[in-house]
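One-letter residues, chain by chain:
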Amino acid sequence: MTNPEPATFAFTPENLARAKAIIAKYPEGRQQSAVMPLLDLAQRQDGWVTRAAMETIADMLEMAPIRVEEVATFYTMYNRRPMGRHHVQVCTNICCQLRGSDGVGAAVKQELGVEWGETTEDGAFTLSEVECLGACVNAPMMQVGDDYYEDLTPDGARAVLKALKQGDAPKPGPQNGRQFSAPEGGPTTLTDLPLGTEKA
Amino acid sequence: MPKLTIDGIGIEVEAGTTILQAADMLGIEIPRFCYHERLAIAGNCRMCLVEVEKMPKPVASCAMPVGEGMVVRTNTPGVRKARQGVMEFLLINHPLDCPICDQGGECDLQDQAMAYGRDRGRYHEDKRAVADKEFGPLIETFMTRCIQCTRCVRFITEIAGVPELGALGRGEHMEIATYLNRAIDSELSGNLIDLCPVGALTNKPASYTYRSWELKKTESVDAMDGLGAAIRVDTRGNEVIRILPRANDAVNEEWLSDRSRFACDGLKHQRLDRCYIRQDGRLQPAAWPEALQAIAARLKGVPAARIAAIAGDQADCETLVAMKDLMASLGSPHLDCRQDGAKLETGVRASYLFNATIAGIEETDALLVVGSNPRKEAPVLNARIRKRWLKGGLTAAVVGPDGDFGFRHEWLGDGPATLAEIAAGRHPFFEVLKAARKPMLILGQGALARDDGAAVLGLARTLAETTGMVKDGWNGFSVLHTAAARVGGLDLGFVPGQGGRDVAGIVAGAAAGEIEAVFLLGADEVEMNALGSAFVVYLGSHGDAGAHRADVVLPGAAYTEKSATWVNTEGRVQRGRLAVFPPGEAKEDWKVVRALSGALGKPLPYDGLAQVRERLAAVNPVFATLGAAAPAGWGAFGGGGPVAGAPFVSPIDNFYMTDPISRASKTMAECTATFGATCGCNHQKTGTHG
């Protein structure tokens, strides 16, 4: 297998300014605390945390590269391998499973044509099976990039991915018309209270 | 100070002491894996659980500070059960391969499983397996055996100052690894083997060659550098299997440098095990009487002023005093123990000692290192400086070769000019030293082994005096030696007598035909080709440069093969013990000199070791006291005059090969190949490298 690690890494001027702002948040001598936000910033820039990025961050924070690598390998949300443009993470924990995540997973795999942990050939999607993302009330769900798509059905998940394939930005949140985690079909109590503009 | 009771015994300890430390003081054994008294507390193995009254759960005693009125119990059924539980968890993934594991017999996990574990496990699923890592030519890894105590990570980060090891991944997938799977580039890496409580990190050069219970253990001192670390020589039959450090808080704590630890395979190779006489240009084997007779015959009628002696860097004091007495009885003033040409003097003992003492490094608050790379010249001493630096409040600066020493320092300049500026008070660092409570100067051989060495020594003395380094109860003027024999040689006055030649003079004399015979006492770093047609007698242990040039070779004993005395860089007189016998017909060196004196018709007045040691104490009373570093009186020393502009260069070019033993060692050769360009601090060779 070829080594995908690029030889060098540099923050874009924009991100470099952000990185400096992040470092400035910590008191003198405690700059190493910025390692996690900086790793996140690097991952947002490249899609994954490269070795060169870890070394750059180690230099910026005056810490040993191995210390940065320890952090980057400890947390599962840092990706240490190249990722597709969209990182699709389907929850298969107990609540989602009870609510039909098996079907969602199968639909996503079929739609993208890849298995868990794989990236589509065009480099657009990487599919991951993940543990609970804390949205059990809207199970089953999946996360794409920073957005949660909830209350999925196999078809709903397909629709989200199709929209992404076309370059659209499907609306995050419940895909069945529900308002956040309110009861399906609208409120059942406090119905006489005026609801805000967000009324479903 | 809090008072507590442990198992019903009351004790009062300083606030901040942990329960485990308090129990250790009482001699109550608490099992542990991750806790080590010289490393930071991690608290991750959970083996040290104890019960504390009013606490709902067992607590990890290594990480729990004592509190007033605590009632601790270490031997209740609950504690035993907790330990059994922890042990069962540790053994879930630990392979039961003790019969093929090198740690077997000296394994903490094995011992504690016997003492505190259950006799069976309930785990029937698959164990995890971890790919082995490449830590370099010194450390063999079996990472499946790792119990993730992280002692190795903490040692290499805190003590060695080389943060290359880390714990990658989490939970079941956690692995100890170096960054990018690189070899560990530390001069102290061998200590990881001692620290590892299981068989995950083992001695690679000696792997599968021994069982700990087969080895005979001899306590001795190291002669591979000027530190004189306390060592234990483990032998089987007449073979040195491994060398381990012993605890000596005054010198090496419990660490040992990689050269001192791993060069022991050099004791088996290139050995001189019989006498040789050069005939028709080739060295021919000979018996002792023939060899001694050949020397006597050649020296017959040679005037004493045409005979010289040079002592090598590992010569012991017994041999040095015998050789000095022999030269005196022959009437020759040409003798020297400063192979590298260091301009050290014998008049004032404090002028050549590490006066601050190694333990004293922990008290200094301003340090100037001149002409030395302490990390390569004395890694264990360097770890002390780092320890001091980590405590905070140390201002350090370097004049001479710069590098990553593991403590933060300012680089002031590369040569004597900078030193002269500081000594004259024209440099900001002068004020730093002057303002310090206990200022310290480490003067390396790189600053002294040069033509203007005497002037540099004079400058250093001026600096020490004007900055108040020498005062009641503190002397910060510290000379760092790289040769085990050097301080002993200077203490015994193994330097040119009235009108005598030093090493350079002897070599020049030999080249010019003015010196007819040269005795080399294990001296291999002399320019052999320059000795001209002189008759060279080499007394030493290895077939190195000296033996190749010699006309008569007399086989001597290496440092593990004799009961002998060395004086370390602090002036501490220490005695090594015989662990194995010299190979073949080789003899302890002082006995050879004694026999030689007989053959030359000037028999020395001692026949036994006790008499030689009486003679040592008579020549210099410091030899009467063993193990102590007594303060030495100050006085005038050093020369004046101009200093040259050439930068200081560390005397060690390749840390792994500095003497005949390490040059004969395959392990050290592998280290040189692996660490290549990084193993030395100055890459150009100097004239003293044989």
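Bear in mind the structure is a predicted one, so any value in this text is a computation, not a measurement. Once a new chain begins, its residue numbering starts again from 1 and follows that chain's sequence as written. Starting at A for chains and at 1 for ligands, labels are handed out in the order in which the entities are written. Reporting of local features is limited, given that this is a predicted model, to residues whose pLDDT is at least 70; pairs of side-chain atoms are given and counted only at 80 or more, and all residues count toward the totals for whole chains, interfaces and linings. Note that water and hydrogens are dropped before the side-chain values are worked out from all heavy atoms of the structure.

Student: Sorry, what's going on with the overall build of chain A here?
Tutor: Runs of E in the DSSP output that reach at least two residues are strands. Runs of H or I that reach at least four are helices, and both are numbered from the N terminus. The secondary structure content of chain A amounts to seven helices and five strands. The order of helices and strands in chain A, counted from the N terminus, is α-α-α-α-β-α-α-β-β-β-α-β. Each principal axis of the C-alpha distribution contributes one length, and for chain A these read about 55 × 45 × 30 Å. Only protein chains enter the accessibility calculation, which uses a 1.4 Å probe. A residue is then buried if its area is under 20% of the maximum for its type, exposed if over 50%, and partly exposed in between. Burial analysis of chain A (200 residues in total) assigns 41% to the buried set. Neither His nor the chain termini are counted; the positive set is Lys and Arg, and the negative set is Asp and Glu. In this description, the location of a charge corresponds to atom NZ of lysine, CZ of arginine, CG of aspartate or CD of glutamate. Across chain A, 18 positive and 27 negative side-chain charges occur, with their mean positions spaced 2 Å apart.

Student: Teacher, can you tell me more about the environment of Leu161(A) here?
Tutor: All names here are of chain A. Position of Leu161 relative to the elements: it lies in helix H7 (residues 154-165). With a relative accessible area of 0%, Leu161 lands in the buried category. The sequence separation of Leu161 and Val108 amounts to 53 residues, and the corresponding C-alpha distance is 7.8 Å. Excluding anything up to four places from it in sequence, Leu161 contacts Val88, Val108, Glu111, Leu112, Phe125 and Met142. Note on definitions: a residue-residue contact is assigned when non-hydrogen atoms from the two residues lie within 4.5 Å.

Student: Sorry, what's going on with the interface of chain B and chain A here?
Tutor: Frequently, the measure chosen for interface size is the accessible area that the parts lose on association. On the side of chain A, 12 residues touch chain B, which itself brings 14 residues to the contact. Here the buried area means the combined drop in accessible surface, using a 1.4 Å probe, for two parts upon being joined, counting both sides. Overall, the association of chain B and chain A removes approximately 1,100 Å² of surface from exposure, summing both partners, and the carbon and sulfur fraction of that is 58%. Looking at the side of chain B facing chain A, the largest losses of area belong to Leu168(B), Arg170(B) and Tyr179(B), adding up to 56% of the total buried there. What counts as a salt bridge is simple: a side-chain nitrogen of Lys or Arg found within 4 Å of a carboxyl oxygen of Asp or Glu. At the surface where chain B touches chain A, the tally comes to zero salt bridges. A 3.5 Å cut-off defines polar contacts: any pair of N or O atoms within that distance qualifies, except that in protein one atom must be a possible hydrogen donor and the other a possible acceptor, and neighbouring residues in sequence count only when both atoms are side-chain atoms. Between the two partners, chain B and chain A, sit six residue pairs in polar contact (both at pLDDT 80 or more). Those elements that place two or more of their residues in the side of chain B that touches chain A are helix H4 (151-159), strand E7 (165-168) and strand E8 (175-178) of chain B. Sorting elements by how many residues they give to the side of chain B that touches chain A places E7(B) first, with four residues. Note on residue classes: Ala, Val, Leu, Ile, Met, Phe, Trp, Tyr, Cys and Pro are nonpolar, Asp, Glu, Lys and Arg are charged, and everything else, Gly too, is polar. When the residues that make up the side of chain B that touches chain A are grouped by side-chain class, the tally is eight nonpolar, four polar and two charged.

Student: Would you mind showing me how to read the packing of aromatic side chains here?
Tutor: Two aromatic rings are characterised by how far apart their centres lie and by the angle between their planes. Only Phe, Tyr and Trp rings are paired, with Trp represented by its six-membered ring, and only when their centres lie within 6.5 Å; those with planes under 30 degrees apart are stacked, over 60 edge-to-face, the remainder tilted. Taken as a whole and judged by the stated rule, the model has 10 aromatic pairs over all chains. Consider the rings of Phe74(A) and Tyr75(A), whose centres lie 4.9 Å apart with planes at 75 degrees: the pair is edge-to-face. Judged by its relative accessible area of 32%, Tyr75(A) is partly exposed. Seen from their ring centres, Phe477(B) and Phe637(B) are 5.5 Å apart, and the 55 degrees between their planes marks the pair as tilted. Within this pair, whereas Phe477(B) is found in strand E23 (residues 477-480), its partner Phe637(B) is found in the loop between helix H19 (609-619) and helix H20 (660-663), the two being separated by 160 residues in sequence. You can call Phe637(B) buried: its relative accessible area is 3%.

Student: I would appreciate a short explanation of the nonpolar core in the present structure.
Tutor: What tends to happen in soluble globular proteins is that the nonpolar side chains get buried as a cluster. All names here are of chain B. By nonpolar core is meant a set of buried Ala, Val, Leu, Ile, Met, Phe, Trp, Tyr and Cys residues that side-chain atoms within 4.5 Å join together. Core analysis: the largest hydrophobic core is formed by 111 residues, its most contacted members being Phe155, Leu165, Leu192, Leu367, Leu381, Ile442 and Tyr559. In terms of residue count, the dominant contributor to this core is H4 (five residues). The contact partners of Ile442, leaving out residues within four places of it in the chain, are Phe354, Leu367, Leu368, Val369, Val370, Leu381, Ile385, Ser478 and Leu480. By size, the runner-up hydrophobic cluster in this structure holds 85 residues, among which are Leu330, Ala485, Leu492 and Leu539.

Student: What should I look at first to understand the domain arrangement of chain A in this one?
Tutor: Each domain's extent is set by a domain assignment, obtained either automatically or from a database. Domain parsing of chain A yields domain 1 (13-74) and domain 2 (86-174). Here the C-alpha centroids of domain 1 of chain A and domain 2 of chain A sit 29 Å apart.

Student: Can you help me understand the sheet that holds strand E13 (residues 275-279) of chain B in this one?
Tutor: Sheets are built from strands that pair by backbone hydrogen bonding, the pairs being arranged parallel or antiparallel. Residue and element names in this part refer to chain B. Taken in spatial order, the seven strands of this open sheet run E14-E13-E26-E25-E24-E15-E16, and their pairing is mixed. The sheet terminates laterally at strand E14 (282-286) and strand E16 (334-336), the two strands that pair on one side only. With strand direction ignored, the average angle separating the axes of adjacent strands in the sheet is 15 degrees. Bridging between E13 and strand E26 (residues 552-555) involves two bridges; their strand directions are antiparallel. When the bridges of E26 are listed, Tyr276 appears paired with Val553. Lying over the sheet, helix H7 (residues 288-299) contacts E13, E14, strand E15 (307-311), strand E24 (517-521), strand E25 (535-540) and E26, oriented at roughly 135 degrees with respect to E26. In this fold helix H18 (residues 589-599) packs onto E24, E25 and E26, with an angle of close to 145 degrees to the strand it touches most, E25. For two strands to pair, DSSP has to find at least two bridges joining them. Between N-to-C directions, angles cover 0 to 180 degrees, with each direction set by a line fitted to C-alpha atoms, over the stretch in contact for helices.

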